[in-house]
Amino acid sequence: MTVSGKVDVAKAAAKTAFLSSTSAGALNNVFVYNALDGAQLGTAAIGTDGSFSNLTFTLPATKTILVFKAVVGQGTFRTVVPIDLSNPPAAGAITGSNPISIVISQDSTNRTILESQLLGLTGILGDANQTLASVSKTYTDAAALWINNGGQALAYSTNGLALSGKFSSAALLPAQDANILGAEDLNNMTLDGSISSVSIPGNKPIVSFTVTNKDTGKGIRGLKAFNLVIAQLKPGTSGSPDEWLSYMVTASSRPTTDSGYTVIDNGDGSYTVIFGKDIKNQSSTGTTVSYNANYTHRVMVGIRSTPSIALLNNGTTLSNFYNEKYLISTFVPATPDVAPTLVKDMTATAACNECHGKIGVTTPHGGRGDVKYCMMCHTSQRAIGRTNLTSVGGVVPARDPLLASTATSANYWADGEVLGEFVTMIHKIHMGEHLTKTGYNYAGVAFNEIVYPKDVRNCRQCHRAELGAQGDNWQTKPSRKACGACHDGINWSTGAGHDGGQQASDANCVGCHADAELLHMTDIATPNNPKVPAGLVNFFYNISSATVDGSNNLNIKFRIQKNTDSLTAAKSNVVFTGAGSTASTPPAGAVITGFSGSPSFLLAYFKESPNQLEAKYAGDYNNLRDTRTDSNAKAAQPKSVSIAALLASSGGTMSAPDNNGYYTATIPNGFPTGSKLRAVGLQGYFTQVAGTNSIAADNARHALSHVKPVNGDAVRRDVIDSAKCGNCHEWFEGHGGNRVVGKDTVGPSICTLCHVPNLTTSGRGAQKSLIDFIIANPVGTSLGAVTNFLTSTAFTGSITQGAKDAMTALAAALGTTDPTQFPEASNNFKDMVHGIHAGSDPLVVGTPLKFVRDRSTSGDFEYDFAEVTFPGVLKNCTMCHKGTTYTTIPSGVQVSTQVTSRGTTLTLQTDAVTGNNVTEVDAARKAVPNPQDLVNTPFVATCKACHNRPNALAHFAQMGGQVNVLRSQANPDNEACVTCHGTTGPNAIWNAHRFSVVGDD
């Protein structure tokens, strides 16, 4: 045969040398070898343009695997050509020439390396002793591998010799070129793909996979960089858990991603990657991991892009990625076609994202968006190159002595616990402020300063069977490592802090702790902790309907059910056996035997007033009360009627239950005449008294609240998904557990019935003399020595520890007990919740939310949300909102009151007639809405809670928004926000705040 061809070196990475016709030795020559035995069949010189010709040689057989090897200044390049001349056409069929072009390039070289690896060679075809015969392979073996991995074979066709191979997948074509995708393409693309095969024929793993655009199903070609990790699952012994160990380590370096890997791009979105890491040689991996083909292995391929627009989070460009894709394959190298029997999947990314929104964005070091990826790097090998520090007096030393002198202080390994190992790290992060030891500082993460927003005993938040095959291991396979990460006061060597004494291994753990759920139960049953201690009763509230008849009688059809043991156990209907009570805290038996307290109904509504016209503001509750006829009226608060009172025929009546357990409560004039937007909430709780069902002490039995709009009324907008509150809070138990929302809430949130636009905080109406008396005197001291300025009578009761603690903390935080200096803020639901979640985010928040709440003798409480860190993506409104309900503000939404005032300047009140802050704040709050109240217009109120830096305030004013203006001067119609931020505007809220790909589900 005589062959001509060209060496294409133009695209070789980092190759800058030029061809030289004067180089010595083999340089600038092309060689052809028989792959079977390595015999050199011929050679030819390469010209300065990379071409060669007249490479003449004799084929040793009609079926031959040829290896072409070109040696040039840029390096050595190769290609493989299977030739099959065993089936020539009939004589005379070939009537002309058809030149065959062979291109030797970086891509063909990569494929040759791949072929060599798959054949089981230790080197590369074309090198000495690297032959098919040396690994007992044939033409058929090599040709099939070459074609299946994107190569072509040369054989006779009807017109002569022709190259043929396996065409790219038609389903993936046309593939998008990643190198020409713009920011908008990336912002609106969801990556997808899968791993098709993994093999380790030599020392370096080989992975084949596809990358596609999820929306179109078409391939994405041209990708050059990937995150590559491979790990083994080492079986545990003596009861210890199985352990992931990364191969991406050395004797002195901790787990990382692969480098020096080879990428083969098939042009249709399919790729093959040859790892750069030799995983079978401990001189490469160190002594912490040893290759075992019979162990379960996991390989991860990470594909990421960097959109330049949608990654603006609170005004800054993130280094993280939100549309990445992690392709993961779990296999046993010795039996790759058999599913592994040993796996370790105890949690899932979905569990993390319930609260974090997008791990890898809201968690340290961006771009790690799959919890399986986290576990492959955060292994016990994080201890490599670190010092095992010894705590002193329960305090972990601040600095690892192996750190460079210029490095920031941190500790990574203490008392035998590798703080960066996944189980240890995650448990300690979430245990946070409840950890026994202090001083933890893993890579800048101070475990002790973290406040977990739900009960840490809700292990199912992360561990449940539907999230992973081993999701229930937390309760059936306890270990010192897992349990000790939270219960860090235990010393397993001495037995200190552990009722079971010393434990040298995990072999005995399951003997005492066969069901860890029993040790992690909470008193209140929730979806992630559904069982309660023996004897405790769970309650369930439901309002079937709320109607108002022609006589203005409110009729509420409702039912309360109960069960024991588990949230999912069969329920029975509660029967009210008591005679009722008008006491503020009904005694035991007032409603049901064995329980004190009483749930109650909240009645919320809108009623027009001269300062809040129905035509303009009927989209929110205002709970307007007439203080002339209702002496108990509270500022902007709904009327409350307890079941106990109704049973006592106070404020209404209660029917007998129907066959389904439903009672009907009738409340005459429950709502003011002429009110609109009426709704009823069932809230509050029973307290199970000691002895009932053999419980040892009184126990508050909190229950999910339930809200029902009045039949036929307009319904207040319902924009918050209470189940999403439950993602972070499980159950949010507001006001001592009286108002509760969570994962199982049905209908609107109870919070919106009280936290209305007319509500501001009450702290400036506190009584300084009461605060000072409580601070100065011991717990238990009678309050009778202090006169109540509102009633001119002595306060009753005595100083409680809670009140003293609150007053003392308030004075320390604010530096004063003068209530006229206390901060006041809106307690409208959106203003308050936005402000709480924004915390002190420096990119948007100028002044964090802060206020004081006056609870009289129960204490005055200072709330400062500057230290709140939202665990999700702050700008991702869908973390809380239903669908796209956050994208606009409907008509009828009220202005948000920021300061409640009748226009009278507040002065410190020192007795019933000197000064005015106590009496004037009380009067202003009862009279709200006042013309002199300071308010924010609706769009401003929504946005300002987060965006309150000077540039944002100036922007609001420029676009017609009003901040802290007199109610009498507020004009929401002037707000032009929707022009730009409306659904179709150039900076639509859904786009400016989105943290997901368009159309991503």
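Counting starts from 1 at the beginning of each chain's written sequence and moves along it residue by residue. With the structure being a predicted model, the display of local features is reserved for residues of pLDDT at least 70 and the display and counting of side-chain atom pairs for 80 or more, all residues being used for whole-chain, interface and lining totals. Neither water nor hydrogens contribute to the side-chain values; these are computed over all heavy atoms in the structure.

A few words on the packing of aromatic side chains. The rule is short: rings of Phe, Tyr and Trp, with Trp giving its six-membered ring, pair when the centres are within 6.5 Å, and they are stacked under 30 degrees, edge-to-face over 60, tilted in between. With the rule as written, the count across this model stands at 19 aromatic pairs. For the ring pair Phe576 and Tyr663, a centre distance of 4.2 Å and an interplane angle of 25° mean the geometry is stacked. Of the two residues, Phe576 sits in the loop between β26 (572–573) and β27 (595–597) while Tyr663 sits in strand β31 (residues 663–668), which places them 87 residues apart along the sequence. There is no split in this pair, since Phe576 and Tyr663 are both buried. Taken together, the ring pairs in this structure connect Phe558, Phe576, Phe601 and Tyr663 into an aromatic cluster. By the criteria applied, helices consist of DSSP H or I runs no shorter than four residues and strands consist of E runs no shorter than two, each listed in order from the N terminus. The buried label goes to any residue with under 20% of its type's maximum accessible area, the exposed label to any with over 50%, and the partly exposed label to all in between, with areas taken from a 1.4 Å probe on protein chains only.

In regular strands, side chains alternate between the two faces of the sheet. Buried residues dominate strand β17 (residues 270–274), accounting for five of its five residues. Here β17 shows a buried face lined by Ser270, Thr272 and Ile274 and a second buried face lined by Tyr271 and Val273. Whether two strands pair comes down to DSSP finding at least two bridges between them. Bridge count for strand β16 (residues 262–265) against β17 is four bridges, and the pairing is antiparallel. When the sheet's bridge partners are listed, Asp265 is paired in β17 with Tyr271. The turn joining β16 and β17, which pair antiparallel and follow one another in sequence, is formed by four residues; a positive phi near 85° is taken by Gly267.

Moving on, we come to the state of the cysteines. Only a pair of cysteine sulfur atoms within 2.5 Å counts as a disulfide in this structure description. Evaluated as defined, the whole model comprises zero disulfides. Sulfur of Cys725: no disulfide; nearest cysteine sulfur belongs to Cys880 and is 6.0 Å away.

Once that is clear, we can look at the sheet that holds strand β32 (residues 676–683). Pairing within the open sheet is antiparallel, and its four strands lie in the order β29-β28-β32-β35. At either margin of the open sheet sits one strand with a lone partner, and together these are β29 (639–642) and β35 (706–709). Direction aside, neighbouring strands of the sheet carry axes that sit 20° apart on average. Both β32 and β35 contribute to a ladder of four bridges, which runs antiparallel. Paired with Gly681 across the bridge in β35 is Val707. Here, axes are lines fitted to C-alpha atoms. For helices the fit covers the stretch in contact, and angles between N-to-C directions go from 0 to 180 degrees.

Among all residues save glycine, negative phi is the norm, and among peptide bonds the norm is trans. That bond from Leu173 to Pro174 is cis: its omega, 0°, falls within 30 degrees of zero. Mapping Pro174 onto the fold places it in the loop between β9 (160–165) and β10 (176–177). Cis geometry is found at the peptide bond from Val928 to Pro929, where omega equals 10°. Looking at the secondary structure, you find Pro929 in the loop between α19 (917–927) and β43 (934–936).

Interaxial distance between helix α16 (residues 768–776) and helix α17 (residues 801–814) falls to 9 Å at its minimum, and their mutual angle equals 110°. Judged on the interaxial angle alone, α17 and α16 are roughly perpendicular. Residue-level contacts link Ile771, Ile774, Ile775 and Ala776 of α16 to Ala803, Lys804, Met807, Thr808 and Ala811 of α17. Polar here means any residue other than Ala, Val, Leu, Ile, Met, Phe, Trp, Tyr, Cys and Pro, which are nonpolar, and Asp, Glu, Lys and Arg, which are charged; Gly is therefore polar. Here the residues of the contact of α16 with α17 are counted per class, giving seven nonpolar, one polar and one charged. For classification purposes, angles smaller than 35 degrees are called roughly parallel, those larger than 145 roughly antiparallel, those between 65 and 115 roughly perpendicular, and all remaining angles oblique. Here, two residues are considered to be in contact whenever any of their heavy atoms come within 4.5 Å of each other.

Direction vectors running N to C along helix α1 (residues 106–119) and helix α2 (residues 139–148) enclose 135°, while the axes themselves pass 10 Å from each other. In terms of orientation, α1 lies oblique with respect to α2. Crossing of α1 against α2: the hand is right-handed. Facing α1, whose interface residues are Ser108, Arg111, Thr112, Glu115, Leu118 and Leu119, α2 presents Ala142, Leu145 and Trp146. Among the residues making up the contact of α1 with α2, the classes are represented as five nonpolar, two polar and two charged. It is the rotation of the near helix from the far one that decides the hand of a crossing: anticlockwise by less than a right angle makes it left-handed, clockwise makes it right-handed.

Let us now look at the nonpolar core. Core analysis: the biggest nonpolar cluster contains 60 residues, and Phe209, Phe226, Ile230 and Val301 have the highest contact counts within it. When residues of this core are assigned to their parent elements, the largest contribution, six residues, is made by helix α6 (residues 371–377). Residues within four places of Phe226 in sequence aside, it is in contact with Phe209, Tyr261, Val263, Tyr271, Val273, Val301, Gly302 and Ile303. By convention a nonpolar core is built from buried Ala, Val, Leu, Ile, Met, Phe, Trp, Tyr and Cys residues, the set being connected through side-chain atoms within 4.5 Å.

What follows covers the sheet that holds strand β3 (residues 40–45). In spatial order, the strands read β3-β2-β5-β6-β8-β9; together these six strands make up an open sheet with mixed pairing. Strands at the two margins of the open sheet, each flanked by one partner only, are β3 and β9. Each strand axis lies, on average, 25° off the axis of its neighbour in the sheet, ignoring direction. Bridge count between strand β6 (residues 75–84) and strand β8 (residues 152–157): two bridges; the pairing is parallel. In the sheet register, Asp84 faces β8, and the bridge partner there is Ala155. Here α2 sits on the sheet and contacts β5 (63–72), β6, β8 and β9; the angle it forms with β6, its principal contact strand, is near 115°.

It is worth spelling out helix α14 (residues 722–729) at this point. Turning to α14, its buried residues number three or more, namely Ser722, Gly726, Asn727 and Cys728. Tucked inside the fold, the buried residues of α14 contact α5 (349–356) and β37 (739–742). Think of a polar contact as two N or O atoms within 3.5 Å of one another; within protein, one of them needs to be a possible hydrogen donor and the other a possible acceptor, and neighboring residues in sequence only count if both atoms come from side chains. Between the side-chain oxygen of the N-cap and the backbone nitrogen of Ala723 there are 3.0 Å, and the N-cap of α14 in question is Asp721. The first or second residue beyond α14 is Glu730, which carries a positive phi of 65°.

Turning to the pairing of strand β36 (residues 731–734), a few remarks are in order. Where β36 lies against β37, four bridges are found, and the strand directions are antiparallel. Directly across from Gly734, in β37, lies its bridge partner Arg739. Connecting β36 to the antiparallel partner β37 that follows it, the hairpin turn spans four residues, and His735 within it adopts a positive phi of roughly 55°.

Below, the discussion takes up the pattern of salt bridges. Whenever a carboxyl oxygen of Asp or Glu lies within 4 Å of a side-chain nitrogen of Lys or Arg, that contact is scored as a salt bridge. By the definition in use, this model includes 28 salt bridges. In this structure, Asp107 and Arg111 form a salt bridge, with 3.0 Å as the shortest nitrogen-oxygen distance. Taken together, the residues span about one helical turn, with Asp107 and Arg111 both in helix α1 at a distance of four residues. Classification of Asp107 by relative accessible area gives partly exposed; the value is 30%. In this structure Arg111 comes out as buried when scored by relative accessible area, which is 8%. In the salt-bridge network here, residues are joined through shared partners; they are Lys69, Arg78 and Asp127.

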